[in-house]
Amino acid sequence: AQKVTQAQTEISVVEKEDVTLDCVYETRDTTYYLFWYKQPPSGELVFLIRRNSFDEQNEISGRYSWNFQKSTSSFNFTITASQVVDSAVYFCASTDSNYQLIWGAGTKLIIKP
Amino acid sequence: KAGVTQTPRYLIKTRGQQVTLSCSPISGHRSVSWYQQTPGQGLQFLFEYFSETQRNKGNFPGRFSGRQFSNSRSEMNVSTLELGDSALYLCASSFPGLAEEGSTQYFGPGTRLTVL
């Protein structure tokens, strides 16, 4: 069965440190999509990035970067120079054969001032 | 463009009652999906509606139902509420739909349902 694993339940770092959130997915599909979402305390899931299975190019957006490696079925997310406002729960998800989202359990990120 | 809106934001009901939640998608989006989020089970897919038709369904009992109107607004209904239905219910819209290639879903703020 398809599955997304976010092994880190909670990470706590001091502001300005770099932090990497891990995501490992399992799929038998050759075409699939990977996503990261952020859920601040308000509850709304905020879309961060979408990547398709044929595009292994890493992406950088400001302080955020994503490393997609098909060989290890990983799609890790790094925040550089973390800020208190980055505190949230971060979810990784992949699509199944019906393009429904399969979600990881989430990683709670705490940035201390 | 306005984002996805959900009403009400908070709801308290008692066991056995029924509830209806509403979702207005981003203008132009035709697909609406519903998710249940609980601390124990995480995010679980309920169903997806596209052009007023339910196209995909998750593994939930028949007490959970939904519909979509011609303007793409969607409602979900839960009948005979149980304590375990207490959750954050999230609605997401996408253009065009999940069945299309990995369409990105944009989420509303959710409705927090408490069943007493």
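Below you will find a few notes about this structure. (Residues numbered from 1 in each chain as written. Chains lettered and ligands numbered in written order. Predicted model: local features only at pLDDT ≥ 70, side-chain atom pairs only at ≥ 80, totals over all residues. Heavy atoms only, no water.)

**Description of the pairing of strand β2 (residues 10-14) of chain A**
Residue and element names in this part refer to chain A. For clarity, the threshold we go by: Think of it in three bands: residues with accessible area under 20% of the maximum for their type are buried, residues over 50% are exposed, and the middle band is partly exposed, with areas taken using a 1.4 Å probe on protein chains only. Here a helix means four or more residues in a row that DSSP labels H or I, a strand means two or more in a row labelled E, and each is numbered from the N terminus. Note: two strands are recorded as paired if DSSP finds a minimum of 2 bridges between them.
Because side chains alternate across β2, one face comprises the buried residues I11 and V13, and the other comprises E10, S12 and V14, none of which is buried. Relative to strand β12 (residues 107-112), β2 runs parallel, the two sharing five bridges. Looking at the pairing, V14 lines up with K112 of β12.

**Comments concerning the packing of aromatic side chains**
The condition that has to hold: Here the aromatic set is Phe, Tyr and Trp, taking the six-membered ring for Trp, and pairing holds for ring centres within 6.5 Å; pairs whose planes are under 30 degrees apart are stacked, those over 60 apart are edge-to-face, and all others are tilted. Charges are assigned to positions over rings by a cutoff of 6 Å between ring centre and Lys NZ or Arg CZ, combined with an angular limit of 35 degrees from the ring normal.
A full pass over the atoms with the stated rule returns 22 aromatic pairs over all chains. Three or more aromatic residues joined by ring pairs form one cluster here, namely F35, Y37, F47, F91 and W103 of chain A together with Y35, F45, Y106 and F107 of chain B. Here the guanidinium or amino end of R55 of chain B rests over the ring plane of F50 of chain B, the centre of that ring lying 4.1 Å away.

**What to know about the sheet that holds strand β1 (residues 5-7) of chain B**
Residue and element names in this part refer to chain B. For clarity, the cut-off: For helices, the axis comes from a line fit to the C-alpha atoms of the stretch in contact; other axes are also lines fit to C-alpha atoms, and the angle between any two N-to-C directions lies between 0 and 180 degrees.
An order of β1-β3-β8-β7 is seen for the four strands of this open sheet, with the pairing classed as antiparallel. Only two strands of the sheet have a single neighbouring strand rather than two, namely β1 and β7 (64-68). Taking the axes of each pair of neighbouring strands and ignoring which way they run, one obtains an average angle of 20° across the sheet. Pairing geometry for β1 and strand β3 (residues 19-24), over three bridges, is antiparallel. When the bridges of β3 are listed, Q6 appears paired with C23.

**Digging into the pattern of salt bridges**
To be explicit about the condition: The rule for a salt bridge is simple: a side-chain nitrogen of Lys or Arg has to be within 4 Å of a carboxyl oxygen of Asp or Glu.
The tally for this structure, following the rule as stated, stands at eight salt bridges over all chains. In this structure, E48 of chain B engages R55 of chain B in a salt bridge whose closest nitrogen and oxygen atoms are separated by 3.0 Å. On the accessibility criterion, R55 of chain B (30% relative accessible area) is partly exposed. Put simply, R73 of chain B and E75 of chain B hold a salt bridge, and the shortest N to O gap is 3.4 Å. Looking at E75 of chain B, the relative accessible area reads 17%, which means it is buried. A network of salt bridges, in which partner residues are shared, links R51, D55 and E59 of chain A.

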